[in-house]
Amino acid sequence: MNQRYQPITRLGLGGTGLGDMYHTTSDAAAIATVDAAWEAGIRYFDTAPHYGAGLSEHRFGQALRKRPRHEYTLSTKVGRLLAPHMPGEIEAPFVGALPFKRVIDYTADGVRRAVEDSLQRLALGHIDIAYVHDLSPDMFGKEFEHYYRIAAGKGGAFEGMLKLREEGSIKAWGLGVNTVDPCLRALRDSDPDIFLLAGRYTLMETTPLQELFPLCARRGAHVVLGGPFNSGFLAGGEHYDYQPARPEQHAHRERLRQVASRHHVDLPAAALQFGVAHPVVAATIPGASSPEHLRRNATLMHIEIPAAFWEALRAEGLVPPEAPLPPRKART
C-alpha cells in the first residue's frame, strides 16, 4: 500500500475559534493566534466553510498567505456550499458569520465546487486534505441514510474525492465527523486516507478502540483527533460535544481530576497527550481563539506526565487496558 499523506506536525490548530464559536474573535486576534501557532512550531491548520459561514477560512487565508506553502498542512471540508445571504446566517454554536448561508451538497460536483470555493476564500493555491463534513447521524438524524447514499453512491462525494486525489488537487481525503459509524462505513465503501474525528477518543470516551482504530490500522488510514477536550470540557469548560454537560459527565471528569490532583498532573495536558499515543492517530487539533490560548495548548503537549498517573487511570478503570499510554515525553 502506498504511504498515505499525514499532517506535518502532531499538534495542529483547529479553526472553530477563528469562526467565532461560542464568542466573537476579532480579525486581529485570529491572525495573531495563527502567528503564535507558527511560532510554537505548529504546521497543521484545519478549517471549514461551516465555521462562521466562511469566516474561519477567510482568516486562515489572511494569516497563512505570507507563509511558505510547502511548510504546512492545510485541511478544510466539503459538503456545505456557501450562497450569498444578507445578513450572514448565524448557526449555533457559532455567533458570527460572513454574509452567506450554508447549502448541503454531497455530490461529486458539489465537493469539487466546495474545494474551488474554499481556495478562493483562502486565496491559496491548494489544500492538502479535504474532509466530507458532518456526514453523520448526529447532524441529520433520520435523514442520515439519505445523505449517506448520495455521498457514497455514483456521482457522490466519495467518487468526487477519489477523482480530486487522483488529479492531485488534494493529497488525501476522508470524513470530518463526530461519530464513529460513518468512518467505518466509508472505509468499507471507498478508499479514504484520513478521518477527522471529534470528541470520540479522549479521556472521556474511547469508542474507536473497538472497531475503527483496528480497521484503520489494517487499511493504512489515519485519524486526526478534533475536540480533544470534548468541546473544552476537559479544560474546565461546561460544554460537552457542543451541549451543556450532563451530570454523569461532570462525575466522570471529577474522577479524572482527583487522580490528576493526587499525581500533581495538569488534566488538560493529560487530555491532549493521551490521544496522540495511539499509533493510528496522526495529529490532534484543539481549537484556540487567542495567542494565549494557543501557547497554552502548545505547552501542554510538552509537560512531563509521570507514568504512575496513567497507571492509576488504568487501575481505576478510567482508561481501558487496550489503550496505548503516552511515552514519558510527548512528541510534537
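From a predicted model like this one, the values you see are computed outputs, not experimental measurements. (Residues numbered from 1 in each chain as written. Predicted model: local features only at pLDDT ≥ 70, side-chain atom pairs only at ≥ 80, totals over all residues. Heavy atoms only, no water.)

**Comments concerning the overall build of the chain**
Inference 1: Counting its secondary structure elements, the chain contains 12 helices and 12 strands.
Inference 2: Here the C-alpha radius of gyration of the chain, 19 Å, is about what a compact globule of 332 residues would show, namely 20 Å.
Inference 3: Seen through its C-alpha atoms, the chain measures out along the principal axes to roughly 55 × 45 × 40 Å.
Inference 4: Looking at the 332 residues of the chain, the share that counts as buried comes to 57%.
Inference 5: At a minimum sequence separation of 6, the contacts of the chain that also span at least 24 residues come to 74%.
Inference 6: Counting only carbon and sulfur atoms, one obtains 52% of the accessible surface of the chain, whose full area is about 13500 Å².
Inference 7: For the chain, the centre of its 37 positive side-chain charges and the centre of its 37 negative side-chain charges are spaced 3 Å apart. (Helix = DSSP H or I, 4+ residues; strand = E, 2+ residues; numbered from the N terminus. Rg over C-alpha atoms; globule rule 2.2 N^0.38 Å. Buried < 20%, exposed > 50% of the residue type's maximum accessible area, 1.4 Å probe, protein only. Contact = heavy atoms within 4.5 Å. Areas by Shrake-Rupley, 256 points an atom, 1.4 Å probe, with all protein chains shown as cover. Lys, Arg positive; Asp, Glu negative; His and termini not counted. Charge placed at Lys NZ, Arg CZ, Asp CG, Glu CD.)

**Let's talk about the packing of helix α2 (residues 55-64) against helix α3 (residues 108-122)**
Two packed helices can be described by the angle between their axes and the distance between those axes.
Inference 1: Packing of α2 against α3 leaves a shortest axis separation of 7 Å and a crossing angle of 50°. When the axis of α2 is compared with that of α3, the two are oblique. The residues of α3 that touch α2, namely those facing E57, H58, F60 and G61, are S118, R121 and L122.
Inference 2: In terms of residue class, the contact of α2 with α3 is made up of two nonpolar, three polar and two charged. (Axes fitted to C-alpha atoms, helices over the stretch in contact; angles between N-to-C directions. Parallel < 35°, antiparallel > 145°, perpendicular 65-115°, else oblique. Nonpolar A, V, L, I, M, F, W, Y, C, P; charged D, E, K, R; others polar.)

**Describing the pairing of strand β12 (residues 281-285)**
Inference 1: Within β12, five of the five residues are buried, which leaves it mostly tucked inside the rest of the structure.
Inference 2: Two strands pair when backbone bridges link them, and strand β9 (residues 222-226) and β12 are joined in this way by four bridges, in the parallel orientation. Its bridge partner lying in β12, V224 is registered against A283. (Pairing = 2+ DSSP bridges.)

**Structural notes on the sheet that holds β9**
Strand pairing within a sheet occurs via backbone hydrogen bonds; the two strands may be parallel or antiparallel.
Inference 1: The parallel open sheet is built from eight strands, whose spatial order is β1-β2-β3-β6-β7-β8-β9-β12. Here the strands that pair on one side only, and so sit at the sheet edges, are β1 (13-14) and β12.

**Here we look at helix α8 (residues 212-219)**
Inference 1: Every buried residue belonging to α8 is among L212, F213, L215 and C216, and all of these are buried. Take α8 and look down its axis: the buried residues cluster within an arc of 160°, on one side only. Exposed residues pointing more than 90 degrees away from the buried face of α8 are listed as A217 and R218.
Inference 2: Elements that come into contact with the buried residues of α8 comprise α7 (181-189), β8 (194-198), β9 and β12.
Inference 3: Phi for G220, located one or two positions after α8, is positive at around 80°. (Arc of directions from axis to C-beta.)

**Quick notes on the environment of D46**
Inference 1: Considering the arrangement of structural elements, one finds D46 in strand β2 (residues 44-46).
Inference 2: Overall, the relative accessible area of 2% leaves D46 in the buried class.
Inference 3: As a C-alpha pair, D46 and S75 span 29 residues in sequence and 4.8 Å in three-dimensional space.
Inference 4: Sequence-distant contacts of D46, defined by excluding residues within four places in its chain, comprise L13, G14, G15, Y51, F60, S75, T76, K77, Y131, L196 and I285.

**Comments concerning the packing of helix α9 (residues 247-262) against helix α12 (residues 307-315)**
Inference 1: It is the contact of α9 with α12, at a shortest axis distance of 9 Å, that shows an interaxial angle of 145°. For the element pair α9 and α12, the recorded crossing hand is right-handed. Residue-level inspection shows L256, V259 and A260 of α9 in contact with α12, the latter providing F309, A312 and L313.
Inference 2: Looking at the contact of α9 with α12, its residues break down into six nonpolar, no polar and no charged. (Left-handed = near helix turned anticlockwise from the far one by under 90°.)

**Here's the deal with the pattern of salt bridges**
Inference 1: Per the counting criterion, the structure on display carries 26 salt bridges.
Inference 2: Between D191 and R4 there is a salt bridge, with the nearest N and O atoms lying 2.7 Å from each other. Of this pair, D191 sits in the loop between α7 and β8 while R4 sits in the segment before β1; the two residues are 187 residues apart in sequence, bridging distant segments of the chain.
Inference 3: A salt bridge links K77 to D46, with the shortest nitrogen-to-oxygen separation between them at 2.6 Å. One end of the pair, K77, is in strand β3 (residues 73-78); the other, D46, is in strand β2, and 31 residues separate them in sequence. The exposure classification of K77 matches that of D46, with both residues buried.
Inference 4: Counted as one network, the salt bridges with shared partners bring together R4, R165, D191, D193 and R219. (Salt bridge = Lys/Arg side-chain N within 4 Å of Asp/Glu carboxyl O.)

**Examining the packing of aromatic side chains**
Inference 1: Inspection of every chain in the model, using the stated rule, returns 16 aromatic pairs.
Inference 2: Here the aromatic rings of Y106 and F140 are separated by 5.9 Å at their centres, their planes lie at 80°, and the arrangement is edge-to-face. Pair noted here: Y106 is in the loop between β5 (100-104) and α3 and F140 is in helix α4 (residues 137-140), with a separation of 34 residues, a long-range link.
Inference 3: An angle of 25° between the planes, with centres 5.0 Å apart, marks the rings of Y201 and F274 as stacked. Placement of Y201 in the loop between β8 and α8 and of F274 in helix α10 (residues 267-275) is noted, with a sequence separation of 73 residues between them.
Inference 4: A connected cluster of aromatic rings, assembled from ring pairs, spans Y201, F213, F274, F309 and W310.
Inference 5: One cation-aromatic arrangement involves R43 over W38; the distance from NZ or CZ to the ring centre is 3.7 Å.
Inference 6: Taking the ring centre of Y148 as reference, the NZ or CZ of R185 above it sits at 4.1 Å. (Phe/Tyr/Trp six-rings, centres within 6.5 Å; stacked < 30°, edge-to-face > 60°. Lys NZ or Arg CZ within 6 Å of the ring centre and 35° of its normal.)

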